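Below are the chains, spelled out letter by letter.
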Amino acid sequence: MNRVAIILTALGAMGMGEPGAHPAPQHEEPAAIETTAQGVALGAIGRRIAAASPGDVVEIGEGVYRERIRIDRPVTLIARGRVVIDGGGSGDIVEIAAPDVTVRGFIIRNTGADLDGENAAIRALAPRATIENNVLDDVLFGVDLRQSPDSRVAGNRIGGKRLDVARRGDGLRLWRSDRAVVEDNVIHDGRDAILWYSKDVVVRRNVGRNCRYGLHLMFSDGVAITDNEFTDNSVGVYLMYSAGVEVAGNRLIRNRGPSGYGLGLKETDRFAVRDNLIVGNRAGIYVDGSPFTPDRPGEFTGNTLAHNDVGVVFLPSARGNVFTANNFIDNVEQVSVAGRGALDANRFWDGEVGNFWSDYTGYDQNGDGVGDFVHESYTLFENLLDREPALRLFLFSPAQQAVEFVGRAIPAVRPEPKFCDEVPLMRPQPLPACAVVEGGGGGLGLTGAALLAAGAGVIACAAPRRSRPGRILKGATP
Amino acid sequence: MKAAAYPVPALRAPSAVSNTLTIAGRELRDAVRSRWFVLYTLAFAALGLGVSFVSAAGSGGTGLSGFGRTTAGLINLTLLFVPLMALTAGAGSIASDRERGMLAYVFAQPTSPVETLLGKYLGLGAALAACLALGLGACAGALAARGLRTDPSSILWLAGLSVLLAMGMLSVGLLISALARRTSVAVGTAIFVWLALVFVSDLALMAGAVALRLRIEDLFAIALLNPLQVFKMWSLHAADASLDVLGPAGLYASEEFGARLHPIFGASLAAWIVAPLTLAALALSRRSPL
């Protein structure tokens, strides 16, 4: 694959750097001090590591340490109390160069901001690293696993630099790190959390906020993405050129950046998207060329898509997707095809199972929970919108109804149905377990009462007085 | 009845403010007692309740909230109904006074045409505001009863902005009324203007945008001229903080102007309130009240 080769070369050039390429520390300590093999001066933590044997547990006491750390032997490094490692605003901070290293409980902050140098808080270059319960703050790259398979990144809090998004680094990056487990992390204000060429990775119970891509897969097969929450990113989860991906039980909310997808799929294969809550995104799900090969249909089941500008956007190339038992609730446009095209090659029902559509207008006379009429979507206005996006400006205006009325009344201009669901559900499926509805309903009733009281007050002021014609104008009295 | 309840005959010169308020009070009382007010209030509340119930039923009582078809439905209803209400109320006002000879009587009093106009404007405006508050209050109550968790501030914004829209349309109505000789002509013209603002201008702009391949900047700028579009965009902006739901033109507006959209929309609606009212005042001052 040509694309792979190009990206590989590009990344190689960007500095899949040798460990020796570190900048020298700024504060040289006095002479006759222990150094690493590369001749870099050792700080307090570095000396403890240099003194340790493989398998040792090295406990670090409270304090603020201003040093760069290279862990070159399989040790467990544990912070006792509040241990801060400060990078002083330049370069990387912790580098794991030996297998089976654990780094637990540190506060690591203030890396450099050099994107070319990919300044990282923790970089692992060896297999089976364990990076747990650290707080990384003001870092360009957070955790960077390079060829570090079977690693575990868990319970960390990773906060990026408050920079323009183009100048940020990735909060989390996995490069050729198969079977890694990424769980219970919070990543915020970074660029992406991204997996490159990493197979069978598990990503669960993480939170991503205010990033560019909450989670981004590139050429990573067999990844399980479950029970995560991606809120207020540009894009929640974007799967590209990957296969065998499971996306289940995630909350993808208010991802409204320039592309603004809750979940995007580009040339992805053998995927299952189940029981996710996808709310308030610009586009709930964006399907581009997926599934890529006709091996297996793309499976979308039990998801709730609500209050998105568009529930599901298909590029015309998308074919072979099956949607069953999803809730399409109150999306401004439930399903759209970008550009011209129909959705013939995708299905919104399978056998006896359809989806719930909040705009379904039919009824269920025999009471079997399935609407008696096919749910077809053909509104002239949406058809216009798919071709002329600029006309979205006229959404919600009476002119929209006028156009739709014309579309219904005059068969000659009625568009082909965009899609149909032959067995639409009458009631929504139970919301996925990840849907915890936020409170705050009481205010609406009070507001209503206040408005009613205000209206009634005006009337009460005006109405009950007897009219006194002589009092029309005070000044008129002589 | 207490003696103090009677106004002390003023030996001082009548003030413009008190004249205006007196006329406003009279206008409000007349409006509240009139059939149009009752009819409009009931119709608006009933339609609003209908929209609320249908949308809340559509979401299946899942309790999920957000900007969606419910808010959109209420905005849509307001766009259709409020201009019709305000335009016809305004158009009927001065013209019918003139027809009944009331205008000549009022002008015979020591009051200026401007005071009369402002008084009528404020009185009718208060009546319309009461009508809208009742209608939207009922909708909010209905939505709350259906378990919808919409943010109450969006309903408050909608109420406030619909009052602003009503004031703008009332201003246009009064201008029509000041120019027309007869009530029937005034009301007919008002309905024509309503049709033009609600349907014709948008449809023409849609056609123009496609046929002339208008740039989105221009499309947005032209849309700012229509008070209904401004009301709609302002409601969305207030509810959602971003206009990107309105596609490329909305995204352009949000990115280009951001928080400055509030004063921009405000200026447009203010112009629709002030300009027709000024013209109406000029027309009334120049023409014979007969």
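Bear in mind that the values here come from a model prediction, so they are computed numbers and not experimental data. (Residues numbered from 1 in each chain as written. Chains lettered and ligands numbered in written order. Predicted model: local features only at pLDDT ≥ 70, side-chain atom pairs only at ≥ 80, totals over all residues. Heavy atoms only, no water.)

(A) Representation of the overall build of chain A within the structure. Scanning chain A from terminus to terminus reveals five helices and 39 strands. Looking at the 478 residues of chain A, the share that counts as buried comes to 55%. Within chain A, contacts between residues separated by at least 24 positions form 53% of all contacts whose residues are at least 6 apart in sequence. Total accessible area on chain A is roughly 19,400 Å²; 53% of this is exposed by carbon and sulfur atoms. (Helix = DSSP H or I, 4+ residues; strand = E, 2+ residues; numbered from the N terminus. Buried < 20%, exposed > 50% of the residue type's maximum accessible area, 1.4 Å probe, protein only. Contact = heavy atoms within 4.5 Å. Areas by Shrake-Rupley, 256 points an atom, 1.4 Å probe, with all protein chains shown as cover.)

(B) Structural view of the pairing of strand β30 (residues 283-288) of chain A. All names here are of chain A. Taking burial as the measure, the six residues of β30 include six buried ones, the bulk of the element. Relative to β30, strand β27 (residues 261-266) runs parallel, the two being bridged by five bridges. Bridge pairing in β30 places Y261 opposite A283. Pairing geometry for β30 and strand β33 (residues 310-314), over four bridges, is parallel. If you follow I285 over to β33, its bridge partner there is V312. (Pairing = 2+ DSSP bridges.)

(C) Region of the structure containing the packing of aromatic side chains. According to the stated counting rule, one finds 29 aromatic pairs over all chains in the structure shown. Each ring, one from F348 of chain A and one from W357 of chain A, has its centre 5.9 Å from the other, and the planes form 55°; the classification is tilted. Classification of F348 of chain A by relative accessible area gives buried; the value is 1%. Taking relative accessible area as the criterion, W357 of chain A reaches 1% and is therefore assigned buried. Pairing F220 of chain B with Y252 of chain B gives two aromatic rings, centres 6.2 Å apart and planes at 75°, and the pair type is edge-to-face. Here Y252 of chain B lies in helix α10 (residues 247-257) and F220 of chain B lies in helix α8 (residues 216-223), a separation of 32 residues in the sequence. Judged by relative accessible area, F220 of chain B falls into the buried class, the value being 3%. One aromatic cluster is present, built from ring pairs that chain together F271, F300, F314, F323, F328, F348, W357 and F419 of chain A. It is R176 of chain A that lies over the ring of Y197 of chain A; its NZ or CZ is 4.7 Å from the centre. (Phe/Tyr/Trp six-rings, centres within 6.5 Å; stacked < 30°, edge-to-face > 60°. Lys NZ or Arg CZ within 6 Å of the ring centre and 35° of its normal.)

(D) Spatial organisation of the packing of helix α3 (residues 380-387) of chain A against helix α4 (residues 398-409) of chain A. Residue and element names in this part refer to chain A. Close contact between α3 and α4 brings their axes to 7 Å; oriented N to C, the two are set at 110°. With respect to α4, the element α3 is oriented roughly perpendicular. Contacts from L380, F381 and L384 in α3 reach Q400, V403, E404 and G407 in α4. Residues belonging to the contact of α3 with α4 are distributed by class as follows: four nonpolar, two polar and one charged. (Axes fitted to C-alpha atoms, helices over the stretch in contact; angles between N-to-C directions. Parallel < 35°, antiparallel > 145°, perpendicular 65-115°, else oblique. Nonpolar A, V, L, I, M, F, W, Y, C, P; charged D, E, K, R; others polar.)

(E) Up close: the sheet that holds strand β28 (residues 272-274) of chain A. All names here are of chain A. The parallel open sheet is built from twelve strands, whose spatial order is β1-β4-β7-β10-β13-β16-β19-β22-β25-β28-β31-β34. Every interior strand has two partners, whereas the edge strands, β1 (57-60) and β34 (321-324), have only one. Mean inter-strand twist for the sheet, computed between neighbouring axes without regard to direction, equals 5°. Relative to strand β22 (residues 224-226), strand β19 (residues 202-204) runs parallel, the two sharing three bridges. When the bridges of β22 are listed, R204 appears paired with T226. Along the sheet face, helix α2 (residues 44-51) touches β1 and β4 (76-79) and points at about 160° away from the line of β1.

(F) Broad picture of the side chain of K161 of chain A. Residues and elements named next belong to chain A. Mapping K161 onto the fold places it in the loop between β14 (157-160) and β15 (172-175). What makes K161 buried here is its relative accessible area of 10%. Within polar-contact distance, the side chain of K161 engages the backbone oxygen of D138 at 3.3 Å. Those residues in contact with K161, other than ones at most four positions away along the chain, are N110, T111, G112, A113, D138, V139, L140, R168 and D189. (Polar contact = N/O pair within 3.5 Å; in protein donor to acceptor, adjacent residues only side chain to side chain.)

(G) Region of interest: the environment of N281 of chain A. Residue and element names in this part refer to chain A. Mapped onto the secondary structure, N281 falls in the loop between β29 (277-279) and β30. Given the relative accessible area of 0%, N281 is considered buried. Once the C-alpha coordinates of N281 and T231 are considered, the two residues, 50 residues apart in sequence, prove to be 9.3 Å apart. Setting aside anything within four residues of it in sequence, one finds N281 in contact with L252, I253, R254, N255, R256, G260, Y261, G262, H307, N308 and D309. One polar contact links the side chain of N281 to the main-chain amide nitrogen of R254, over a distance of 3.4 Å.

(H) Structural view of the pairing of β33 of chain A. Residue and element names in this part refer to chain A. Within β33, five of the five residues are buried, leaving the element largely enclosed by the surrounding structure. Pairing of β33 with strand β36 (residues 333-337), which is carried by four bridges, proceeds in the parallel orientation. Counted as the bridge partner of F314 is V337 from β36.

(I) Spotlight on the sheet that holds β15 of chain A. All names here are of chain A. Within the open sheet, the twelve strands sit side by side as β3-β6-β9-β12-β15-β18-β21-β24-β27-β30-β33-β36. Their pairing is parallel. Edge positions in the sheet fall to β3 (69-71) and β36, since each has one partner strand and no second. Sheet twist, expressed as the mean angle between neighbouring strand axes with direction ignored, is 10°.

(J) Seen up close, a nonpolar patch on the surface. Residue and element names in this part refer to chain A. Taken together, the side chains of F405, V406, I410 and V413 define a hydrophobic patch exposed on the protein surface, amounting to about 340 Å² of accessible area. Position of V413 among the secondary structure elements: in the loop between α4 and β39 (419-421). Take V413: its relative accessible area is 38%, and that puts it in the partly exposed class. (Patch = residues over 30% accessible without salt bridge, like charges linked within 9 Å, V, L, I, M, F, W, Y side chains within 5 Å. Salt bridge = Lys/Arg side-chain N within 4 Å of Asp/Glu carboxyl O.)

(K) Representation of the pattern of salt bridges in the model. Residues and elements named next belong to chain B. Taken as a whole and assessed by the stated rule, the structure comprises 41 salt bridges over all chains. Here E27 makes a salt bridge to K120, at a shortest N to O gap of 3.0 Å. Taken together, the residues span a long stretch of sequence, with E27 in helix α1 (residues 16-33) and K120 in helix α5 (residues 113-145) at a distance of 93 residues. For D218, the salt bridge identified is with R215, shortest N-O distance 3.3 Å.

(L) Fine view of α8 of chain B. Residues L219, F220 and A223 of chain B constitute the buried set of α8 of chain B. Angular distribution of buried residues about the axis of α8 of chain B spans 95°; they occupy a single face of the element. (Arc of directions from axis to C-beta.)

(M) Representation of the confidence of the model for chain A. Residue and element names in this part refer to chain A. Summary statistics for chain A give a mean pLDDT of 85 and a share of 85% for residues scoring 70 or more. Considering only residues more than four positions removed or in separate chains, one finds that residues 1-33, a stretch of pLDDT under 50, has 41 contacts. Note that pLDDT drops below 50 for residues 474-478; the model gives that stretch seven contacts with residues more than four away or on any other chain. (pLDDT = per-residue confidence, 0-100.)

(N) Highlighting the confidence of the model for chain B. For chain B, the mean per-residue pLDDT works out to 85, and 87% of the residues sit at or above 70. Helix α4 (residues 102-108) of chain B is the least confidently modelled element of chain B, averaging 80 in pLDDT, while helix α11 (residues 261-286) of chain B averages 94, the highest of any element.

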